[in-house]
Amino acid sequence: MAELDFDRRTRMLNAMVLIRVFEERMQALFAENQLAGFLHLSIGQEATAVGVCEALETTDYIVTTHRGHGHIIAKGGNVDAMVAELFARETGSCRGVGGSMHLTDPEAGVLCANAIVGASIGLATGAAFSSQFTGSGGVAVAFFGDGAANQGIFHESLNLAALWSLPVVFICENNMYAEMSRQSSQSLVSDIALRSIAYGMPGVTVDGNDVDAVLAVTQSAVSRAREGDGPTLIECKTYRTSGHFEGDQQTYKPAVEVATWSARDPIASFVARYPDLDLARANAVASRRVEGAIEFARESQPATTADLAWLTYADARREGAST
Ligand SMILES: Cc1ncc(C[n+]2csc(CCOP(=O)(O)OP(=O)(O)O)c2C)c(N)n1
Ligand SMILES: [Mg+2]
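Procedures and definitions
- Residues numbered from 1 in each chain as written.
- Chains lettered and ligands numbered in written order.
- Predicted model: local features only at pLDDT ≥ 70, side-chain atom pairs only at ≥ 80, totals over all residues.
- Heavy atoms only, no water.
- Helix = DSSP H or I, 4+ residues; strand = E, 2+ residues; numbered from the N terminus.
- Rg over C-alpha atoms; globule rule 2.2 N^0.38 Å.
- Buried < 20%, exposed > 50% of the residue type's maximum accessible area, 1.4 Å probe, protein only.
- Contact = heavy atoms within 4.5 Å.
- Areas by Shrake-Rupley, 256 points an atom, 1.4 Å probe, with all protein chains shown as cover.
- Lys, Arg positive; Asp, Glu negative; His and termini not counted.
- Charge placed at Lys NZ, Arg CZ, Asp CG, Glu CD.
- Salt bridge = Lys/Arg side-chain N within 4 Å of Asp/Glu carboxyl O.
- Polar contact = N/O pair within 3.5 Å; in protein donor to acceptor, adjacent residues only side chain to side chain.
- Donors = N, O, S within 2.8 Å, 3.2 Å for Na, K, Ca; no water.
- Core = buried A, V, L, I, M, F, W, Y, C linked by side-chain atoms within 4.5 Å.
- Pairing = 2+ DSSP bridges.
- Axes fitted to C-alpha atoms, helices over the stretch in contact; angles between N-to-C directions.

A. Looking closely at the overall build of the chain. For the chain, the helix and strand inventory stands at eleven helices and eight strands. In terms of C-alpha radius of gyration, the chain reaches 19 Å, essentially the compact-globule figure of 20 Å for 323 residues. For the chain, the spread of C-alpha atoms along the principal axes amounts to about 55 × 45 × 40 Å. Taken over 323 residues, the chain has a buried fraction of 51%. Of the contacts made within the chain by residues no fewer than 6 positions apart, 74% connect residues no fewer than 24 positions apart. When the accessible surface of the chain is totalled, it reaches about 14,200 Å², and 53% of it is carbon and sulfur. Here the chain contributes 24 positive and 38 negative side-chain charges, whose respective centroids are spaced 1 Å apart.

Structure, rendered in structure tokens:
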């Protein structure tokens, strides 16, 4: 694995720290009952989000899940619009009516987040088909979990993507749990990447807490997709140190498992590997960014249900609109 230059490492550290600071701050605001809707945090999984998105161009697409804050921030999503959405303000990315599980940012190549487990796999495959059909050159990435890999749409999408050589990269974040159920209670195959053989595409399992390793395997998969050689299944083994949702007491997690993975924290590991990185500065910059976004959200108007019809149905008209 080639060593990354200082600027790139700094950018990757800043992105991981921004995700961590964003989520810890939203966690606190949620506990104070200041946010609307539900929160699924990805604390501990930041290296996967950043390693994957560092291999992408702005014009490439991602489709994410109910646990998508990290992916969107890593892809360059607008943090003001994200926080405003969580506060249910009309400046939010879905005008405040979508919430955490429906964030979107087309300018940054974020097609959508999605609460239907497995849906991101089909949507990204469709985006890759569109890219191939129009010749746009874009690559689509589907983020999904170990639980989603047991949904039927996983099979259908991977089969078709391989058959049609679609420019898509399937990123399975194997964080060992689907809600409160261990992965081993759902499948006898512990390495999900092995399933790639059944579809005729390459599959690779990587340490999802090692941002360098995630970047390297994603770069190969993205090049392959861009050159017209088809999809890759990448399984990132990782761990969410937060609960499935906020309020989850996490009694199903053995203490030794939590301790083992906490010792493998992706940010601390990265800084330990490259001591020239400035973690304090990254934290200060991220805090300023997130506090600025919170201020922006608080100063914005609350979302209104008056817009629901035209935001939902293509043939609905906005009140007062001329067309
Ligand atoms: C089709 C569908 N079935 C069930 C649910 C309820 N549900 C929400 S998250 C989740 C677990 C998903 O696990 P995984 O795919 O491993 O993702 P993770 O939460 O670990 O990131 C389930 C079952 C859902 N949202 N959609
Ligand atoms: Mg999971």
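B. Layout of the pattern of salt bridges. Going through the model one piece at a time under the given rule, you end up with 14 salt bridges. Across the salt bridge formed by arginine 8 and glutamate 54, the nearest N and O atoms sit 2.6 Å from each other. Placement of the pair is arginine 8 in helix 1 (residues 6-31) and glutamate 54 in the loop between helix 2 (46-53) and strand 1 (61-63), with a sequence separation of 46 residues. In this structure, arginine 226 engages aspartate 60 in a salt bridge whose closest nitrogen and oxygen atoms are separated by 2.7 Å. Highlighted residues: arginine 226 in helix 7 (residues 211-226) and aspartate 60 in the loop between helix 2 and strand 1, separated in sequence by 166 residues. Accessibility expressed as a relative area gives 0% for aspartate 60, which makes it buried. Taken together, the shared-partner salt bridges in this structure form one network comprising Arg8, Arg11 and Glu54.

C. Up close: the side chain of threonine 218. Topologically, threonine 218 is positioned in helix 7. For threonine 218, a relative accessible area of 0% translates into the label buried. One polar contact links the side chain of threonine 218 to the main-chain carbonyl oxygen of valine 214, over a distance of 2.6 Å. Apart from residues lying up to four places away in sequence, threonine 218 is in contact with Gly51, Val52, Ala55, Ile171 and Ile234.

D. Spatial organisation of the coordination of the magnesium ion (ligand 2). Only Asp146 (OD), Asn175 (OD1) and Tyr177 (O) from the protein coordinate the magnesium ion (ligand 2), and they sit 2.1 Å from it. Each donor residue of the magnesium ion (ligand 2) belongs to the same chain, with the gaps between them written as D-x28-N-x1-Y. Of this pair, aspartate 146 sits in the loop between strand 3 (140-145) and helix 6 (152-163) while tyrosine 177 sits in strand 5 (residues 177-178), and the two are 31 residues apart along the sequence. One exposure class covers both aspartate 146 and tyrosine 177, and it is buried.

E. Representation of the nonpolar core within the structure. In terms of nonpolar packing, the biggest core is built from 63 residues, with Phe22, Met26 and Val83 touching the most fellow members. Top element by residues in this core is helix 1. It accounts for eleven residues. Those residues in contact with valine 83 that sit more than four places away from it in its chain are Phe22, Met26, Ala293, Ile294 and Ala297. Counting residues in each nonpolar core, the second largest holds 22 residues, with Ala124, Ala140, Ala162 and Phe170 among its members.

F. Quick look at the environment of isoleucine 62. Along the chain, isoleucine 62 turns up in strand 1. For the pair formed by isoleucine 62 and alanine 124, sequence separation is 62 residues and the distance between their alpha carbons is 6.9 Å. Apart from the residues within four sequence positions on either side, isoleucine 62 is in contact with Cys53, Leu56, His71, Ile72, Lys75, Gly109, Val110, Leu111, Cys112, Val141 and Phe143.

G. A look at the sheet that holds strand 2 (residues 110-112). Sheet architecture is open: six strands sit in the order 2-1-3-4-8-7, paired in parallel fashion. Each edge of the open sheet is held by one strand with a lone partner, namely strand 2 and strand 7 (203-207). The average angle at which neighbouring strand axes cross in this sheet is 25 degrees, direction not considered. The sheet contact formed by strand 7 and strand 8 (residues 232-237) spans five bridges and is parallel. What sits directly across from aspartate 207, in strand 8, is lysine 237.

H. Layout of unusual backbone geometry. Here the phi dihedral of alanine 88 falls at roughly 60 degrees; this positive angle occurs in a residue that is not glycine. Mapped onto the elements of the fold, alanine 88 is located in the loop between helix 4 (79-86) and strand 2. The phi dihedral of arginine 95 is positive, around 55 degrees, even though this residue is not glycine. One can find arginine 95 in the loop between helix 4 and strand 2. Its relative accessible area of 32% is what places arginine 95 among the partly exposed residues.

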